[in-house]
Number of protein chains: 8
Amino acid sequence: ARQGLPEVVYGSGKTPGQVVEVVRTLLRHNAGPVLVTRVDAGTAISVLRAVPGGTYDSEARLLVWRPAEPTGFSVVVAAAGTADLPVVREAAAVAAAVGIGVTTVTDVGVAGLHRLLAEQDRLRAADTVIVVAGMEGALASAVGGLVACPVVAVPTSTGYGAGLDGITALLAMHASCAAGITVVNIDSGFGAAMAAFRLSRVARRGTP
Amino acid sequence: ARQGLPEVVYGSGKTPGQVVEVVRTLLRHNAGPVLVTRVDAGTAISVLRAVPGGTYDSEARLLVWRPAEPTGFSVVVAAAGTADLPVVREAAAVAAAVGIGVTTVTDVGVAGLHRLLAEQDRLRAADTVIVVAGMEGALASAVGGLVACPVVAVPTSTGYGAGLDGITALLAMHASCAAGITVVNIDSGFGAAMAAFRLSRVARRGTP
Amino acid sequence: ARQGLPEVVYGSGKTPGQVVEVVRTLLRHNAGPVLVTRVDAGTAISVLRAVPGGTYDSEARLLVWRPAEPTGFSVVVAAAGTADLPVVREAAAVAAAVGIGVTTVTDVGVAGLHRLLAEQDRLRAADTVIVVAGMEGALASAVGGLVACPVVAVPTSTGYGAGLDGITALLAMHASCAAGITVVNIDSGFGAAMAAFRLSRVARRGTP
Amino acid sequence: ARQGLPEVVYGSGKTPGQVVEVVRTLLRHNAGPVLVTRVDAGTAISVLRAVPGGTYDSEARLLVWRPAEPTGFSVVVAAAGTADLPVVREAAAVAAAVGIGVTTVTDVGVAGLHRLLAEQDRLRAADTVIVVAGMEGALASAVGGLVACPVVAVPTSTGYGAGLDGITALLAMHASCAAGITVVNIDSGFGAAMAAFRLSRVARRGTP
Amino acid sequence: ARQGLPEVVYGSGKTPGQVVEVVRTLLRHNAGPVLVTRVDAGTAISVLRAVPGGTYDSEARLLVWRPAEPTGFSVVVAAAGTADLPVVREAAAVAAAVGIGVTTVTDVGVAGLHRLLAEQDRLRAADTVIVVAGMEGALASAVGGLVACPVVAVPTSTGYGAGLDGITALLAMHASCAAGITVVNIDSGFGAAMAAFRLSRVARRGTP
Amino acid sequence: ARQGLPEVVYGSGKTPGQVVEVVRTLLRHNAGPVLVTRVDAGTAISVLRAVPGGTYDSEARLLVWRPAEPTGFSVVVAAAGTADLPVVREAAAVAAAVGIGVTTVTDVGVAGLHRLLAEQDRLRAADTVIVVAGMEGALASAVGGLVACPVVAVPTSTGYGAGLDGITALLAMHASCAAGITVVNIDSGFGAAMAAFRLSRVARRGTP
Amino acid sequence: ARQGLPEVVYGSGKTPGQVVEVVRTLLRHNAGPVLVTRVDAGTAISVLRAVPGGTYDSEARLLVWRPAEPTGFSVVVAAAGTADLPVVREAAAVAAAVGIGVTTVTDVGVAGLHRLLAEQDRLRAADTVIVVAGMEGALASAVGGLVACPVVAVPTSTGYGAGLDGITALLAMHASCAAGITVVNIDSGFGAAMAAFRLSRVARRGTP
Amino acid sequence: ARQGLPEVVYGSGKTPGQVVEVVRTLLRHNAGPVLVTRVDAGTAISVLRAVPGGTYDSEARLLVWRPAEPTGFSVVVAAAGTADLPVVREAAAVAAAVGIGVTTVTDVGVAGLHRLLAEQDRLRAADTVIVVAGMEGALASAVGGLVACPVVAVPTSTGYGAGLDGITALLAMHASCAAGITVVNIDSGFGAAMAAFRLSRVARRGTP
Ligand SMILES: Nc1ncnc2c1ncn2[C@@H]1O[C@H](COP(=O)(O)O)[C@@H](O)[C@H]1O
Ligand SMILES: Nc1ncnc2c1ncn2[C@@H]1O[C@H](COP(=O)(O)O)[C@@H](O)[C@H]1O
Ligand SMILES: Nc1ncnc2c1ncn2[C@@H]1O[C@H](COP(=O)(O)O)[C@@H](O)[C@H]1O
Ligand SMILES: Nc1ncnc2c1ncn2[C@@H]1O[C@H](COP(=O)(O)O)[C@@H](O)[C@H]1O
Ligand SMILES: [Mg+2]
Ligand SMILES: [Mg+2]
Ligand SMILES: [Mg+2]
Ligand SMILES: [Mg+2]
Ligand SMILES: [Mg+2]
Ligand SMILES: [Mg+2]
Ligand SMILES: [Mg+2]
Ligand SMILES: [Mg+2]
């Protein structure tokens, strides 16, 4: 794309034919990676048949052509439990496809602080931590207090009742007492990975 | 009162004359403690002049006559920072007035987990923990994971923006991943203390 | 679990394979009860085949292995009508599985006060009352005025329109004029039972 | 007014001069009562000086000229506590000014059912019950279950936190399990009294 | 029922077996009409087979046994268009079953004032007008300005977007500039009919 | 301004010094009218002293320099009552300052349809109708049904309770059953006048 | 219709029989175009068989009989991407059916300003621009700053999470910093087209 | 602080005495910068008298002791207009105090795209862009499309009506079509500056 970001198509609600058309155009007119997010398996198979050379990650629901070379920039994607895994996987797969090294750390909810603390070193070694958390979103605050690197929080729509489909986690992450953490849209593993990509570009540039 | 709870008057919006009248009636027709919450200093002075024998706690904004004897039941009131102190004080003063032993533990926000963990033993020794927390309310989840006793969470209206005057903390505490924590109204130190009083009665009763 | 609470898995959205794996791990590494909530009948059958020794309560949608011995602590679960029964059953079954004696009292909505008053003695004999109520949630206030023991209110998502899928009941219970009642998440029979478990531990401990 | 309702001016935000002008016009062009609601004492004095023959009720904040003859129709205005009294008084004073007999019954919150039940006979003798209730609004449900006459519920903005300035009570009253109760706007004692006036006209008409 | 209202069962979410059981009990222990609302055709057929003597109105989705004798009290049910018809029918059928005479007036939205004004005489002849209106709910204000009898407004969940499934209409009806109109829950034709029943009892009683 | 709209400064929250500076710059670099909205009297006096040649309309709270010549395009600004007058005045004064002919029609709320119908001819003669309405906003629907010209609706924050400071009127106007009416922000008389200005430009252009 | 607008039926939720009946009546009693919006293909086929002479646009989901002659008035319908296309098509097809010339400009989201600026001339040549935009709705502000003609913004319900099904876009468009843009209901391509029709009538009329 | 972030005290609601105490403690136990945000001038003067060596920025409302050395990392803080300036200043002053180079670019709202495009080079030269934007928050999307570096968006509470005190801008920024932009709390210039600080640390570290 014009300003230097990878090309990512939002697959939800598009027919295989529509996806094929846009992917072909992007592959022809750009040099870098081309991704399609939120693609179900049926659509993926049709599209890959028409536009070979891509790969499909069914857990992340992601199609990728021409993945980027690793840049040396690395993130940890941290989450509390199994419910948030689809979002964890979208974040991890998009990040990997745009050249970022990814480690995932799960089962570290704030109701079990000792498991979280046991991962401190891995969290501190990261260039950026992506925190994926539903329900009350408290994990973002706790991680923000443990590391000094950028923290990108992704609220998720898991849970029920007072969780309000992710709105509660989104608001709670913004109201967080941990200074300097930032937030992306509900369930947007994609958004967090793209935020990390922007970060990786600054890191590569370095500082005088 | 009829069913065994102490008599507590809601002072907000009442004139000194109205408070005097209701307190006199309660002192005459009941035997236990009589409390008035949310009383400013001016009103307190007028009321105490008219109904002697009471005491006023200006930080808790509480008037008390005939405080209860200590029952041996004890709570820890835990909070993250200075902003939530008025609510901490209301909870502590009401609890003390109805016979509960109170310890307060502050400066234990989730963005500083090590300070919180340093208080683990005190938290675990409590019969009940009252967690007072504004902003994202994450402290309730963290404490709920550290102790097995009852946890009563009080969301507070501190902070700004996405905190929505306490609504975010209230919803987040309900959506919490920590099992079995319960919640009272925003800023209601009073409500948490009364919940603790109800608990203290069961504890005294014991189990066969 | 580490801090003394029973192990409870949230079954919603998990495949039978995922449930089997987590249950096996918990049975191996812990001594007490292992529960899985929100399990449909099909999943339950597959899981029980793979991990024998458990039982399934289809009305409560609950799987249980190694239920706890009765502790002598007892709760009444009170509700207005048939619409709230699934939540009543989840509360009752989880409570029973963790060692609490359970009585259920239904058809006691506030629009029929005489039926509610007829149950006063049973309510007062309880160590704790769990009130399950949708729509306007008024039952919690009424019960809170009748008993001095802990009251844990569970708002439900039954009804339509202005009930806002349980949000109205949740807010109303918090705004309740009955002092010291506490609230858990919408439809969370599980949360109320775990709150009761925490209470039962304090009661067993007694007070000096 | 054209369709048979009394003329009522909304005083809030109007200058004394504006009130004087509209009242003079209404007195000249109509025959029945003329009322101004939400008038503070200062404005009331100025207006009465300019338009003699009226009376001011400072608790109800109401100005009245040419009150109606009693019609024989009577309402009970019921409320839980002192906080809702200003709304109770507006309802009562407007109703009286349009010819309705009024009894007020206070201190009957649902957290004290026995006091409410003690008033059953008075409630059942009414042609209509106006229930004024803030916080969780449960009194409307309870009264709706005790009487078969029309029940008009007025949510109030008293309380704090989860009460959401009366929105919670308004929604809760709509979600009420008591059949056939109706609701007016938050704090609108005026609206309830006018609803009662409409009822009184049908009652006078009788049924063939 | 105890206080003089007809017995009405909420059918939604109940199995045919549950409906049969409660209807049988009500028919045995009461003398008046027994109704079940929100019943689909399949359930209705099963129930009528098990409890003969009832009738099913498929448009109103209502089952009725022992309808009441006409009382001479009559309502007009007014609505703007076809989208609100199911709620109109529930209101009309419930009202008829409890002894109220019913006329329906449709196609009278405020965007076509002349059609509404053409119905003025019919509206003014009614003992009560039930206004069923979705979207912006303006019809309630307009009718409230045309008649002096009680107006019961039913907001409906029709429309899309800013209508918020009926919440907008509900709030708008409360904020209405027409004095003394009252409101029931979203889509609750039942609630409006029961409010009319309460009114009919007062009218029958008359005024001294 | 670049694209052909008049220059309008939002005065709220600006110091007299800030207003003076921006007005001077605009007068120097543009040819047409320069307006400042939401200016209190004190600020206006200071600014006019520093930048002579302007006029201040205290009811509209508007400062104007170099008002436009009349264009022949004319609007009616219609409103229900006195409460909405400040917004009516802002709309009217801004429209006049940008060259539009303005008539105001007040006291035409939907609760008094006959007064509204009496103004039909004036409404139909307008090139555009601006409807200013708070509370339930129903006037927009009614006017939209009477005229075929553009209708720009301005919700206002007047009223209390369920009016939600104008949100209810805004949503209700969007959900309106009258086809093709458009809406601007709450209390934005300015926005409606600017919408009318855009319309006047198309009208002047004419159609081939 | 009486006041000069075309007749448009809202097809959603209507049976083919209901549509046939209302279309027949409208064709008989009016002279101009008759439209039915939100019609699925199955219904359309049945209706066209019963009422010949119409056409069905499956992408716009629109049925049209007797389309209007072109009036010379023309609009541009602008949108960011593929997700908003169904709303774009409804706006375009309704506008064309009522005699308006339509150009559509897509792929002009604010995240790609250069594509938007490349369309400036086409946008400026329009008599009115209809902006269809979901998510954050920013396109309306950007277009409002580029053109001086009327801008009608249609928020759409596309996207997920914080988009709140179009509520965020609707509110954002109202809060827009671009002066004089107006807004219609979420997803209402129909509403925008009708607003354009009202505009076209004024334009035809011209100004003296 | 423990994890490497500067110490920042939230001054709002603290007495001068409380601020003095916490600042003294922080200066004694830490080596880096100590900041106090949201301090009014009166408090600042008292505090500086008691704890010399600090400076007060009255527009940013910030107190600073021991500002950090410049790190070579630089941000652009971009905003649309004067209303958002206090937040711009807080962001800029906090960033400068923690060692970040700051340029501010104002008057670049999306309703004036050409002014924004004229700043493209400055925006692209930044290591990070902080976008401060109220009302509809569209500036964040536009900037996100112009640059490939990290974009931190700060919604502000400026404006009125549909802006909902910043909630609309916050939601709109999350729903933005620009990939990888992140968001902090409403009005939190502080939060954005701290996010930039976290970024600056990664940049300094570089990538292998
Ligand atoms: N999962 C996703 N969530 C939000 N936006 C996305 C997602 N995947 C791709 N996008 C964005 O969607 C836009 C492409 O949309 P489209 O033109 O409909 O394919 C680009 O701006 C992408 O950055
Ligand atoms: N701070 C408080 N918050 C909420 N309710 C309170 C508070 N203090 C007292 N109450 C309750 O207010 C009621 C007494 O109200 P009143 O009759 O107005 O004095 C009792 O039910 C108390 O339990
Ligand atoms: N307290 C009140 N709350 C709401 N509406 C009122 C109130 N008092 C009078 N009104 C109504 O306000 C209208 C008169 O408003 P105005 O023309 O501003 O005096 C009439 O429709 C009255 O029915
Ligand atoms: N303007 C601000 N907005 C939000 N949080 C802040 C602000 N200034 C300081 N803080 C945070 O507030 C906490 C200190 O709060 P306190 O202990 O009350 O001074 C630290 O976590 C800071 O990161
Ligand atoms: Mg989580
Ligand atoms: Mg906190
Ligand atoms: Mg219930
Ligand atoms: Mg109350
Ligand atoms: Mg309607
Ligand atoms: Mg109005
Ligand atoms: Mg868009
Ligand atoms: Mg802005």
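Preceding this paragraph is the structure being described.
Trainee: Account for the packing of aromatic side chains, naming residues and giving values.
Mentor: With the rule as written, the count across this model stands at eight aromatic pairs over all chains. Note on Tyr-10 of chain F and Tyr-160 of chain H: the rings are 5.9 Å apart at their centroids and 35° apart in plane angle, and the pair reads as tilted. Of this pair, Tyr-10 of chain F sits in strand β1 (residues 7-10) while Tyr-160 of chain H sits in the loop between β8 (151-155) and α7 (167-174), which puts the two residues in different chains. A cation over an aromatic ring shows up here: Arg-38 of chain A above the ring of Tyr-160 of chain G, its NZ or CZ 4.3 Å from the ring centre.

Trainee: Break down the nonpolar core for me, with residues and values.
Mentor: Nonpolar side chains in soluble globular proteins tend to end up buried together. Core analysis: the largest hydrophobic core is formed by 503 residues, its most contacted members being Leu-116 of chain B, Leu-116 of chain C, Leu-116 of chain E, Leu-116 of chain F, Leu-116 of chain G together with Leu-116 of chain H. Leave out the neighbours within four places in its chain, and Leu-116 of chain H touches Leu-113 of chain G together with Val-108, Leu-123, Leu-139, Ala-142, Val-143 and Leu-146 of chain H.

Trainee: Residues and numbers for helix α1 (residues 16-29) of chain F, please.
Mentor: Residues and elements named next belong to chain F. Compared with the 20 Å implied by 1.5 Å per residue over 14 residues, the 20 Å span of α1 between its first and last C-alpha is a close match. Turning to α1, its buried residues number three or more, namely Val-19, Val-20, Val-23, Leu-26 and Leu-27. One face of α1 carries all of its buried residues, which in axial projection span an arc of 140°. Turned more than 90 degrees off the buried face of α1, the exposed positions are Glu-21, Arg-28 and His-29. On its buried side, α1 packs onto β1, β2 (34-37), α2 (41-50) and β4 (62-65).

Trainee: How would you summarise the relation of the copies chain A and chain H if you had to cite specific residues and measurements?
Mentor: Here chain A sits on chain H after a turn of 180° about the axis and a move of 0.0 Å along it, with an RMSD of 0.0 Å. What the rotation and shift describe, once combined, is the action of a two-fold rotation axis. Minimal C-alpha distance to the rotation axis in chain A is attained by Ala-203 of chain A, lying at 2.1 Å. Most of the interface of chain A is mirrored in chain H, where 100% of its interface residues are also at the interface.

Trainee: Give a description of the site of ligand 2 that names residues and reports values.
Mentor: Around ligand 2 sit Val-8, Val-9, Tyr-10, Lys-14, Thr-37, Arg-38 and Phe-190 of chain B, Cys-177 and Ala-179 of chain C together with Thr-82 and Tyr-160 of chain D, and those are all the residues in its vicinity. Ligand 2 is flanked by residues contributed from chains B, C and D. Between Tyr-160 of chain D and ligand 2, the recorded distance is 2.4 Å, taken from a side-chain N or O atom to a nitrogen atom. The protein chains hide 73% of the 500 Å² of surface that ligand 2 would expose on its own. Per element, the largest residue contribution to the shell around ligand 2 is three residues, and it comes from strand β1 (residues 7-10) of chain B. Here the shell around ligand 2 is composed, by residue class, of seven nonpolar, two polar and two charged.

Trainee: Before we move on, could you go through the interface of chain C and chain A and cite the residues and values that matter?
Mentor: On the chain A side, the residues contacting the ten residues of chain C number six residues. A combined buried area of about 700 Å² lies between chain C and chain A, and 59% of that area is made up of carbon and sulfur atoms. Counting the contacts that link chain C with chain A gives zero salt bridges. Viewed at the interface, chain A and chain C are joined by five residue pairs in polar contact (both at pLDDT 80 or more). Residue composition of the side of chain C that touches chain A, by class: four nonpolar, two polar and four charged.

Trainee: Account for the relation of the copies chain C and chain A, with residues named and values stated.
Mentor: Superposition record for chain C on chain A: RMSD 0.0 Å, screw rotation 90°, translation along axis 0.1 Å. Both copies are brought into coincidence by an operation consistent with a four-fold rotation axis. Rotation axis and chain C: the residue whose C-alpha lies nearest the axis is Leu-164 of chain C, separated from it by 7.8 Å.

Trainee: Kindly report on the packing of helix α1 (residues 16-29) of chain B against helix α2 (residues 41-50) of chain B, identifying the contributing residues and their values.
Mentor: Residue and element names in this part refer to chain B. One can describe the packing of α1 onto α2 by two numbers: an axis separation of 9 Å at closest approach and a directional angle of 40°. Considering the angle they form, α1 stands oblique to α2. Regarding α1 and α2, the two cross each other, and that crossing is right-handed. Residue-level inspection shows Pro-16, Val-19, Val-20 and Arg-24 of α1 in contact with α2, the latter providing Thr-43, Ser-46, Val-47 and Ala-50. Taken together, the residues that form the contact of α1 with α2 break down as five nonpolar, two polar and one charged.

Trainee: Describe the sheet that holds strand β2 (residues 34-37) of chain A, and please don't skip the residues or the numbers.
Mentor: Residue and element names in this part refer to chain A. In spatial order, the strands read β1-β2-β4-β3; together these four strands make up an open sheet with mixed pairing. Each edge of the open sheet carries a strand with a single partner, namely β1 (7-10) and β3 (55-57). Mean inter-strand twist for the sheet, computed between neighbouring axes without regard to direction, equals 20°. Sheet topology note: the β1/β2 ladder contains four bridges and is parallel. By the bridge assignment, Glu-7 is partnered in β2 with Val-34. Sitting on the sheet, helix α1 (residues 16-29) touches β1, β2 and β4 (62-65), and the angle it makes with β2 is about 155°. Those strands touched by helix α3 (residues 85-97) are β2, β3 and β4, and its axis lies near 170° from that of β2.

Trainee: Let's hear about the pairing of strand β5 (residues 74-79) of chain A: which residues, and what values?
Mentor: For a regular strand, side chains alternate in direction, first toward one face of the sheet and then toward the other. Residues and elements named next belong to chain A. Most of β5 sits out of view: five of its six residues are buried. The pairing of β5 with strand β6 (residues 101-105) spans five bridges and is parallel. Bridge pairing in β6 links Val-77 to Thr-104. Read from β5 through α3 to β6, the crossover connection turns out right-handed. Across five bridges, β5 lies against strand β7 (residues 128-133) in parallel orientation. Across the sheet, Val-77 pairs through a bridge with Ile-130, a residue of β7.

Trainee: Quick one: what's the story with the arrangement of the chains, residue by residue and with numbers?
Mentor: At the C-alpha level, the nearest point of chain A lies 16 Å from chain E, with no contact between them. Separated throughout, chain C and chain F approach each other most closely at a C-alpha pair spaced 13 Å apart.

Trainee: Outline the sheet that holds strand β4 (residues 62-65) of chain C, supporting the account with residue identities and numerical values.
Mentor: All names here are of chain C. Read across the sheet, four strands follow the order β1-β2-β4-β3 without closing on themselves; strand pairing throughout is mixed. Sheet topology places β1 (7-10) and β3 (55-57) at the edges, where each strand pairs with a single neighbour. The sheet shows a mean angle of 20° between the axes of neighbouring strands, taken without regard to direction. In this structure, β3 lies alongside β4, joined through three bridges in antiparallel fashion. Note that in β4 the partner of Thr-55 across the bridge is Val-64. Of the strands in this sheet, β1, β2 (34-37) and β4 touch helix α1 (residues 16-29), which is tilted by about 155° from β2. Packing of helix α3 (residues 85-97) onto the sheet brings it into contact with β2, β3 and β4, and relative to β2 it is tilted by some 170°.

The rules behind the values
- Residues numbered from 1 in each chain as written.
- Chains lettered and ligands numbered in written order.
- Predicted model: local features only at pLDDT ≥ 70, side-chain atom pairs only at ≥ 80, totals over all residues.
- Heavy atoms only, no water.
- Phe/Tyr/Trp six-rings, centres within 6.5 Å; stacked < 30°, edge-to-face > 60°.
- Helix = DSSP H or I, 4+ residues; strand = E, 2+ residues; numbered from the N terminus.
- Lys NZ or Arg CZ within 6 Å of the ring centre and 35° of its normal.
- Core = buried A, V, L, I, M, F, W, Y, C linked by side-chain atoms within 4.5 Å.
- Buried < 20%, exposed > 50% of the residue type's maximum accessible area, 1.4 Å probe, protein only.
- Contact = heavy atoms within 4.5 Å.
- Expected span 1.5 Å × (residues − 1).
- Arc of directions from axis to C-beta.
- Least-squares fit on C-alpha atoms with pLDDT ≥ 70 in both.
- Near = heavy atom within 4 Å.
- Polar contact = N/O pair within 3.5 Å; in protein donor to acceptor, adjacent residues only side chain to side chain.
- Areas by Shrake-Rupley, 256 points an atom, 1.4 Å probe, with all protein chains shown as cover.
- Nonpolar A, V, L, I, M, F, W, Y, C, P; charged D, E, K, R; others polar.
- Buried area = accessible area lost by both parts, 1.4 Å probe.
- Salt bridge = Lys/Arg side-chain N within 4 Å of Asp/Glu carboxyl O.
- Axes fitted to C-alpha atoms, helices over the stretch in contact; angles between N-to-C directions.
- Parallel < 35°, antiparallel > 145°, perpendicular 65-115°, else oblique.
- Left-handed = near helix turned anticlockwise from the far one by under 90°.
- Pairing = 2+ DSSP bridges.
- Right-handed = clockwise from strand over helix to strand, strands pointing away.

Note that every value here comes from positions in space, so none of it alone points to a role or purpose.
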